[in-house]
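Below are the chains, spelled out letter by letter.
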Amino acid sequence: MIDYTNIKDWVKYLWIFPCILWLFTACSPKNYPVGKAYVYENKIQFKAILPAEERKSIETNLYNYLDDSLKVITKRIVGFKRIINPPVFDSFNIERSKTYMKAYLNSLGYYYATFDTVKIRIDTISQKDIRVFTHFAINANKQIKLDSVWYDFKDSALQVLA
């Protein structure tokens, strides 16, 4: 005769195995380029003496100025990050991204912002899975704001128009 009390105890924990399997597959990239290095994650650190929420806002906007070939498109599935069609890594795109970011910072008044470091880390998971992590560290330096602009013309008629 079969003792059903022990089976009921065992069946109650049966749902754990599919959850663990799903956990390992949920965070993996989908449709990654096989055998080529691809961008897995980008990190931007903006160093400035600003309130935390303003600095965070600038960092978020700097992500928008990454070159399209460096942007990682992610999708959240039940709290887990899923990377969809990651871009193939090319170091030329880093220089182009730096140019875009510098132009954005100039528009905010950070004319002397410098890129302290741009780190590239390559993790080889297997011969087919090569992940690239980028980290941009930007020092804001001094922000220049113009509060007023005036013109001083020699001709009084032009001065009135201005």
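A. Broad picture of the pairing of strand β4 (residues 114-124). Across 10 bridges, the pairing between β4 and strand β5 (residues 130-139) is antiparallel. Looking across to β5, one finds that Thr117 is bridged to Ala137. Hairpin geometry of β4 and β5 is characterised by an intervening segment of five residues between the two adjacent antiparallel strands.

B. Representation of the pattern of salt bridges. Considering all chains together, one arrives at six salt bridges under this definition. In this structure, Asp116 engages Lys47 in a salt bridge whose closest nitrogen and oxygen atoms are separated by 3.5 Å. Here Asp116, found in strand β4, pairs with Lys47, found in strand β1 (residues 37-47); they are 69 residues apart in sequence, far enough to count as distant. Look at Asp116 and you get partly exposed, because its relative accessible area is 38%. For Lys47, a relative accessible area of 34% gives the class partly exposed.

C. Expanded view of the packing of aromatic side chains. Under the defined criterion, the tally for this structure stands at three aromatic pairs. Consider the rings of Tyr40 and Phe133, whose centres lie 5.3 Å apart with planes at 65 degrees: the pair is edge-to-face. Of this pair, Tyr40 sits in strand β1 while Phe133 sits in strand β5, and the two are 93 residues apart along the sequence. Each member of the pair Tyr40 and Phe133 is classed as buried. Relative to Tyr110, the ring of Phe46 has its centre 5.5 Å away and its plane inclined at 80 degrees; by these criteria the two rings are edge-to-face. A residue pair is termed long-range when its members are at least 10 positions apart, and Phe46 in strand β1 and Tyr110 in the loop between α4 (92-107) and β4 qualify at 64 residues. The side chain of Lys98 reaches across the aromatic face of Phe115, ending 5.5 Å from its centre. Over the face of the ring belonging to Phe133 we find Arg121, whose NZ or CZ atom lies 4.2 Å from the ring centre.

D. Main features of a nonpolar patch on the surface. On the surface, a nonpolar cluster with roughly 1,000 Å² of combined accessible area is contributed by Tyr111, Tyr112, Ile144, Leu146, Val149, Tyr151, Phe153, Leu158 and Leu161. Summarising the element assignment, Phe153 is placed in the loop between β5 and α5 (156-161).

E. Representation of the environment of Thr99. By secondary structure assignment, the location of Thr99 is in helix α4. Sequence separation between Thr99 and Tyr65 is 34 residues; the distance between their C-alpha atoms is 9.1 Å. A polar side-chain atom of Thr99 sits 3.0 Å from the main-chain carbonyl oxygen of Glu95.

F. Representation of the nonpolar core within the structure. Residues Phe46, Leu62, Leu105 and Ile138 are the most contacted members of the largest nonpolar core, which totals 20 residues. Listed by contribution, the elements that provide at least two residues to this core are β1, α3 (52-64), α4 and β5. In terms of residue count, α4 provides more of this core than any other element does, four residues in total. The contact partners of Leu105, leaving out residues within four places of it in the chain, are Phe46, Ile58, Leu62, Tyr110, Ala113 and Ile138.

Scoring rules and cut-offs
- Residues numbered from 1 in each chain as written.
- Predicted model: local features only at pLDDT ≥ 70, side-chain atom pairs only at ≥ 80, totals over all residues.
- Heavy atoms only, no water.
- Pairing = 2+ DSSP bridges.
- Helix = DSSP H or I, 4+ residues; strand = E, 2+ residues; numbered from the N terminus.
- Salt bridge = Lys/Arg side-chain N within 4 Å of Asp/Glu carboxyl O.
- Buried < 20%, exposed > 50% of the residue type's maximum accessible area, 1.4 Å probe, protein only.
- Phe/Tyr/Trp six-rings, centres within 6.5 Å; stacked < 30°, edge-to-face > 60°.
- Lys NZ or Arg CZ within 6 Å of the ring centre and 35° of its normal.
- Patch = residues over 30% accessible without salt bridge, like charges linked within 9 Å, V, L, I, M, F, W, Y side chains within 5 Å.
- Areas by Shrake-Rupley, 256 points an atom, 1.4 Å probe, with all protein chains shown as cover.
- Polar contact = N/O pair within 3.5 Å; in protein donor to acceptor, adjacent residues only side chain to side chain.
- Core = buried A, V, L, I, M, F, W, Y, C linked by side-chain atoms within 4.5 Å.
- Contact = heavy atoms within 4.5 Å.

Everything listed here is a matter of coordinates, which is why it stays silent on function.
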